[in-house]
Each structure stands twice: as C-alpha cells, then as structure tokens.
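# Structural overview
Each chain is listed here by its residues.
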Amino acid sequence: MIRLFATHRILLPVVSLAVLLAATFYMQPRAMSYFGVNLLFNLAVPIALATVAQMMIIMVNDIDLSLGAFVSLVACVTATFLHDTPVLGVAILAGLIVAYAGIGALIHRFDLPAIVVTLGMSFVWGGLAVMILPSPGGAAPTWLRSLMTVKPPLLPMAVVAAILIAGLTHLLIMRSGIGTVLRGVGGNATSVVRAGWPVLRLKAGAYGLAGFFGVLSGMALVGLTTAADANIALRYTLLSIAGVILGGGEFVGGRVSAVGAVIGALTLALAASFLSFMRLSPDWQIGAQGAILILVLTARLIFTRRDKEQS
Amino acid sequence: MKSLLLSAAAIAMATTAVHADTSGKRIALSNNYAGNSWRQAMLHSWEDVAETAVAAGTVAAADAFTTSENQATEQAAQIQNMILQGYDAIVVNAASPTALNGAVKEACDAGLVVVSFDGIVTEPCAWRIAVDFQEMGRLQVEYLAGRIPDGGKLLEIRGLAGVFVDDEISAGIHKGIEEFPQFEIAGAVHGDWAQDVAQKAVAGLLPSLPDVVGVVTQGGDGYGAAQAFKAAGRDTPLIVLGNRQDEMAWWSEQHADNGYETMSLSIAPGVASLSFWVAQQILDGAEVPKDLSVPFLKVTQDTLDTTLEGTPEGSVATIDYSLDDAKGVIAGAM
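Residues numbered from 1 in each chain as written. Chains lettered and ligands numbered in written order. Predicted model: local features only at pLDDT ≥ 70, side-chain atom pairs only at ≥ 80, totals over all residues. Heavy atoms only, no water.

For chain B, the name recorded in an unreviewed UniProt entry is D-ribose-binding periplasmic protein, with Pacificibacter marinus as its organism. Per UniProt, chain B carries the Subcellular location (unreviewed entry) text "Cell envelope". (UniProt positions renumbered as here; feature names shortened; annotations may be inferred.)

Per an unreviewed UniProt entry, chain A is named Ribose transport system permease protein RbsC, and its organism is Pacificibacter marinus. Checking UniProt for chain A, the heading Subcellular location (unreviewed entry) contains the comment "Cell membrane".

A common way to state how big an interface is: give the accessible area lost once the parts meet. Tallying the contact residues gives 28 residues for chain B and 32 residues for chain A. Interface of chain B and chain A: buried area, both sides summed, is about 2500 Å²; carbon and sulfur atoms make up 55% of it. Of all residues in chain B, S68, T73 and L84 of chain B give up the largest surface area on contact with chain A, accounting jointly for 25% of the area buried on that side. At the boundary of chain B with chain A, the tally comes to two salt bridges. Measuring nitrogen to oxygen at the nearest pair gives 2.4 Å for the salt bridge that ties R235 of chain A to E74 of chain B. Mapped by element, the contributors of at least two residues to the side of chain B that touches chain A are β2 (61-66), α3 (72-84) and α4 (101-109) of chain B. (Contact = heavy atoms within 4.5 Å. Buried area = accessible area lost by both parts, 1.4 Å probe. Salt bridge = Lys/Arg side-chain N within 4 Å of Asp/Glu carboxyl O. Helix = DSSP H or I, 4+ residues; strand = E, 2+ residues; numbered from the N terminus.)

Domain assignment breaks chain B into domain 1 (2-131 + 268-296 + 320-333) and domain 2 (133-266). Once you take the C-alpha centre of each, domain 1 of chain B and domain 2 of chain B turn out to be 32 Å apart. (Domains from an automatic or database assignment.)

What follows is about the pattern of salt bridges. Residues and elements named next belong to chain B. Under the counting rule described, the total for this entry stands at 12 salt bridges over all chains. Of the charged contacts, one joins R158 and D166 as a salt bridge, the two residues approaching to 3.1 Å between their closest N and O atoms. For the pair shown, R158 and D166 are each scored as buried. Taken together, the shared-partner salt bridges connect E135, R138, E142 and E179 into one network. (Buried < 20%, exposed > 50% of the residue type's maximum accessible area, 1.4 Å probe, protein only.)

Let us now look at the nonpolar core. The biggest cluster of nonpolar side chains holds 126 residues, and the ones touching the most others in it are M55, M56 and W125 of chain A together with V104 of chain B. Ranked by size, the runner-up nonpolar core spans 84 residues in total, among them M42, V91, I157 and L209 of chain B. (Core = buried A, V, L, I, M, F, W, Y, C linked by side-chain atoms within 4.5 Å.)

Attention shifts here to the packing of helix α14 (residues 236-246) of chain A against helix α15 (residues 258-277) of chain A. All names here are of chain A. In contact at an axis separation of 7 Å, α14 and α15 are set at 120° when each is read in the N-to-C sense. By the angle class used here, α14 and α15 are oblique. The handedness of the crossing between α14 and α15 comes out as right-handed. Residues L239, A242, G243 and L246 of α14 touch α15, and the partners they reach there are G260, A261, G264, A265, T267 and L268. Along the lines of polarity and charge, the residues of the contact of α14 with α15 split into six nonpolar, four polar and no charged. (Axes fitted to C-alpha atoms, helices over the stretch in contact; angles between N-to-C directions. Parallel < 35°, antiparallel > 145°, perpendicular 65-115°, else oblique. Left-handed = near helix turned anticlockwise from the far one by under 90°. Nonpolar A, V, L, I, M, F, W, Y, C, P; charged D, E, K, R; others polar.)

With a phi angle near 65°, L154 of chain A is a residue other than glycine that sits in the positive phi range. For L154 of chain A, a relative accessible area of 83% corresponds to the exposed category. The residue D118 of chain B is not glycine, and still its phi comes out positive at about 60°. Considering the arrangement of structural elements, one finds D118 of chain B in the loop between β4 (113-117) and β5 (127-130).

Spelled out as structure tokens, the structure:
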C-alpha cells in the first residue's frame, strides 16, 4: 500500500480529490448532477490553466510570482481589445507570450533570481492592466462566452476541459521529446548543456509555454465572468503554486506532473466550496484550506519516507 | 413632497397586502469583505433582520456568507455554491461590478433572484440598490447654502485617490457649487476616509489656506479636520460630517460647549436589511424596478443624541430598515 502510493505519485492527488468530492456530494447532494458538477468546477478551469502555466516555470526550477497579475492583464486585454478589435487583441496576446519567453531568457542569461524578477514583473502587469481597464468592465467575445458555457453531452464543460488540459499537457511534457528535455533543465541543467542543448532557448521556451497557458487562463476566466477587472485573478499566483505542489510536483528537480497539476487545481477549488458548504466561519476558512494542503503534503512525505525505510 | 405622498401610498398598500408566499423561501447574503466597522455593522444588521424574519415565518432561512478573501473569483464561486445549496434569492455586496456577472447570470438562469447593493453588479438580470454618491456630495453644498446664504470659501476633503467613490462624491460637490455659486472651493486634500490621514493632510494645508466658512467631506474625515483646525488655533468652520461615532461625539461635545450645529450624512450599513426586504418582495411577486437607490441616513441636531447613543464606539450610525421602508424605496423608483 505504502509502496503503491510512493511509486505512483499521482495516486495521492487522485485519492484526495475523490475523498473531497465524495464528502461534498454527501453534504450537498444537489451538486451530484450535470449542472451541479459544472457549477462546482467551471471556475476551476482557469485555475487549472494557471496551474499548468506555473508548472512550466517550476519545471525549470523557477517560481513565478507574477502569474496572477499576468492572468488579470490577459483578462483585461480579452475583455477589451480581443472583443473590440480581434486582430489587435490576438497580436497583443501573442506579444505577451513573447514577453514571457523574453523574461525567461533574461533570467537565464544574467542568472537572475526568478522570484525577484517575476515579483517585479507582477507590478508591470498590474500597471498595464489598470491602464487598459481603469474601472471594471469590458465584455467577453461572444465565441469565448459560448465556448465556456457550452453544454457537451454526457460530461459537463468543466470536466471535459479538465480532461483535455490534463491530457494535452501530459502529452506535451511527459511524452514528447522536447518535454523530456525541458524537465531535464530542471533536473540537471549541466548535463543538458553537455548534451549540446541550448539552455537559454529551452528556458525561454518553458516561460513562453507558461505565458501561453497564462493567456488561455485569462481568456477562460473572461469567458466565465463575461467581463474583467484589473485585480480579477490576483489569487491565482498562490493558488497555482499550491496546485502544482498538491498535484505531486516538487519545487526543484523538474519533478512535475501535468495530470497532477490539473487535479491539484480542482482539489483547491473544491476545498473552498466544501468549506463553504460546511458553513465554516470565513475567519477559519483560509486556515482550513491551508490545513487540507498540509494534510496532503504530510501524507506524501510519510509515504516517501516509509518507502525509503522499507527498501 | 411627491415622493413622500408616494411612500405614504405604498405604506397604505403594504398594510392591506398579505405576505405569506415567501415562508418557504431561502435567502442568502453573499459578502466579499468583513474587515471594517461599516461591513461589521452591515453583517449585524443582516443578522438582526434575518433572525426576526425567520422567527416570524416570513422566510425559511436567511444565511450570511463572507468569502475568506476579498477576491472576485472567490465570490463568483461562492455565488455558484449558493445556487447548489438551493437558495431562492441571493443578496450580494459585490467585490467587482463586472467580474461576478457570469456567476450572477448562472444564478438568474437557475431561477434565482439576485439583488445587489452597495457594491452592485452590472449584469442586467440582477436588481441594483445603488448609492447615489453624487447626490451625497451635492446635498452637502445644499445644506451649507441653507446655513450660510452669503456663501464663501470651502475646504474639500477627498477620499482615496483613484477610487470611483471619491470621484463621484467630488463630482457631486462640484455640481452643488455650480448650483450655489456663492461658494468656492479654496483648497482640497485627500483624507483617505480616515481621521488620522485627514488631520495630517488638513494640518499641512492650513498655513496656506484662506479663511473658510465650511468643510465638505466624504465621511470618516470630519473629526480629523476639526482636530487640525483646533491645533492650528483657527475657528472651527462648519464641517459636514459622515455619521462616524467619533465625529458625532465631537459634534455633541461642541454643541454643549458653544451651540455648534452641523449635519451628518452617510449610507447606513443597515442597507443590507433593506436589500433583504427588497429580495423578499421580489420573491413575493411584487413588481420591483431593476434600479433602486439607497436612502441616505441623515443625522441632524434633533436626532444626534439618539443616534449617538445607538452607535457603538468606533462604529458608524445605522438603522435597520423595515419591510415598509423597502416598499417606500420601491414605490419611489416606480
């Protein structure tokens, strides 16, 4: 049993989500329906995308403290430029992805601490977002709104989206050649260099991917909310980091899991709903969310330690 | 006068109407922030009115929820959870006027009644009980014109720069000045709605400020301004106050000392109870216009003592609105 959990790191996040989901359904049977599951999880879709973006950065041993502000900026661009002048909107979003890749290159080239650079960038993104949308407003492009409120047969949109995101990023990061090399940058950058790979470009690539998923996250968020606000996604910075770790990822060593990250994001979103169904006082809710996080991480630590002792 | 007649008519109607249709309905309060005295008083007001209404069998439940963090995404999730919990109506003080629109639309589509107040939402399917901040500014100048018909120079204390509310109140004050051109703004400072900030800002401006007859404020800054004038040894001008307990206590003291008289106005946190009754009325099948406005709570010399008595230290004056008040507001907007 311990061996099983230690060798298959994905099992623990899956079990945590299942337990939480069962508890939620028990407390609120109304949630156990197509409509209910969608309401429970649709706001987790942008969080899952942001978590995948954060995972790309953590994969190369860095951390991104600007992600929440970046997603907010993307949301503002989506609700204004992408809605009014789609061509310009797409160009700006593409520019933002390139900017993210540039930051990655800069961090590697000058050996800067990512935590400081991204913290600084969070103010740049935040400032741009306020400039674009000084007061809350804008509108979601019609196609985006219909995409986020689509009602596919059998499974609700939120579940289909989560499976798609998890599946595609899994293929990209775990199965493809470039994904393996990218994880290698986090695992052992020196050997990647010795093998003749341009680490500068790889790091820029990882940041570019993060930017790409950040853009998707902001767009998905606007599709759900129908309008934007310069501060709309500030929570995503910490949620995304917690999601990656909860999903079985580690801060160093390129040990991340795409499927785990998505499950981690869903678990965090569900934990908040669960606590609110429990009618827990808001003063305790943040603490309780933290407790759930610590509980899962402790379980993981216990499994790996016990496994080592036994072997 | 006309609106008075209208509300009188509404009250007359209210006494004849029977309300029993909502006894099985459940109403939830979605609140995004509880970290200041105004919001605390707001939650108290909700609890009070909810408790009595549930005990009287007017509604089945009226629960209050506050998000653990003041973020629009959290509140959107909270509203979606309320749909799942089977509430019939959601009363919301929103973290963002736009970012909750998706969740509000989900609620409307699921057949729920959504009433937003104070922090309103722009989604058309929701009701809005908005604060007319411009009117709040204009009323101050109107009051000053009544007290000082000859006019004179005024000091304006503004709120937090860049916040919508600050722009609106200030715009209303300037509109009032256009209406009563005998007044002129001689200087303006940002008091950030806090007594200590206002005191420092006014103290810094005073040496270069000509004699002013009045001070127009945004609430939470009048006491600080008075302290600054006192410290500089200048005569206290007519300061319009904002219903904070310390402001009213100072006013009461001044009145006992030298017969000082002023006016105080703000939005009562009890607007939560007003919103509760509006939601109840909509559930009851009453025809309610989508846009309503919050009445101001005005404190005058006559009501000062009783209001001050009912306001805890460090808090702000409030009243719990009744069903009849809600009917009056609805009738006024028809």
